[in-house]
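Listed below are the residues making up each chain.
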Amino acid sequence: MNQQLWTARFGRLRRLGLLALFGLLLVAVGALTTPVVLVSGVLLSLPGLMYLYILMILHWKERHRGHHSDLWGELILIEVSGYMRDAEDNALTTQL
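No experiment lies behind these values; they were computed from the predicted model shown.

1. Points about the overall build of the chain
Thinking step 1. A count of helical and extended segments in the chain gives 4 helices and 0 strands.
Thinking step 2. Put simply, the chain runs from its N terminus to its C terminus through helices and strands in the order α-α-α-α.
Thinking step 3. Buried residues in the chain amount to 20% of all 96 residues.
Thinking step 4. Considering only contacts within the chain whose residues lie at least 6 apart along the sequence, 49% involve residues at least 24 apart.
Thinking step 5. Only carbon and sulfur atoms are counted for the fraction: they give 69% of the accessible area of the chain, which is about 7300 Å².

Here it is, written out as structure tokens:
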């Protein structure tokens, strides 16, 4: 494993995690106050949660699959995990 690369990735995760924590606090406040605060909290939380998911994929790919492109590892796992199939199914049902 490339230690400098993973140190940089976890540094980004730490910053996005703080943003997500603030977003979750806004979600809690927004649940009691206005929908605008709630939506703002969700939007602040999403980048950190998505990056955490991608970081898990990258770690799995590097640990178990070798040194190929990170993008292919992400695309394959996201497609296989069902996210793309759900989007396709929803698109087909709205067309019918």
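2. Focus on a nonpolar patch on the surface
Thinking step 1. Nonpolar side chains collect at one region of the surface, where L38, V39, V42, L43, L46 and M50 lie side by side and expose about 510 Å² of accessible area between them.
Thinking step 2. Examined against the element boundaries, L46 turns out to sit in helix α2 (residues 35-65).

3. Things to note about the packing of aromatic side chains
Thinking step 1. Per the stated rule, a full pass over the model turns up 1 aromatic pair.
Thinking step 2. For the pair W6 and F10, a centre-to-centre distance of 5.9 Å together with 35° between the ring planes defines the contact as tilted. Pair noted here: W6 and F10 are both in helix α1 (residues 3-32), with a separation of 4 residues, about one helical turn.
Thinking step 3. The class of F10 is partly exposed, set by a relative accessible area of 42%.

4. Regarding α1
Thinking step 1. Under the 1.5 Å per step criterion, the end-to-end length of α1 is 43 Å for 30 residues, consistent within 8% with the ideal 44 Å.
Thinking step 2. Burial in α1 covers these residues: W6, R9, G11, L13, A20, G23 and G30.

5. Re the nonpolar core
Thinking step 1. Of all hydrophobic cores here, the largest spans 5 residues; its members are W6, L13, Y51, L55 and L58.
Thinking step 2. Secondary-structure elements contributing two or more residues to this core are α1 and α2.
Thinking step 3. At 3 residues, α2 tops the list of elements feeding residues into this core.

6. Overview of the side chain of S45
Thinking step 1. Secondary-structure assignment places S45 in helix α2.
Thinking step 2. Leave out the neighbours within four places in its chain, and S45 touches A20, G23 and L24.

7. Considering the confidence of the model for the chain
Thinking step 1. Here the chain averages 80 in pLDDT, and 67% of its residues register 70 or above.
Thinking step 2. At the level of individual helices and strands, the chain shows its lowest average pLDDT in helix α4 (residues 83-95), which scores 56, and its highest in α1, which scores 92.

Parameters at a glance
Residues numbered from 1 in each chain as written. Predicted model: local features only at pLDDT ≥ 70, side-chain atom pairs only at ≥ 80, totals over all residues. Heavy atoms only, no water. Helix = DSSP H or I, 4+ residues; strand = E, 2+ residues; numbered from the N terminus. Buried < 20%, exposed > 50% of the residue type's maximum accessible area, 1.4 Å probe, protein only. Contact = heavy atoms within 4.5 Å. Areas by Shrake-Rupley, 256 points an atom, 1.4 Å probe, with all protein chains shown as cover. Patch = residues over 30% accessible without salt bridge, like charges linked within 9 Å, V, L, I, M, F, W, Y side chains within 5 Å. Salt bridge = Lys/Arg side-chain N within 4 Å of Asp/Glu carboxyl O. Phe/Tyr/Trp six-rings, centres within 6.5 Å; stacked < 30°, edge-to-face > 60°. Expected span 1.5 Å × (residues − 1). Core = buried A, V, L, I, M, F, W, Y, C linked by side-chain atoms within 4.5 Å. pLDDT = per-residue confidence, 0-100.

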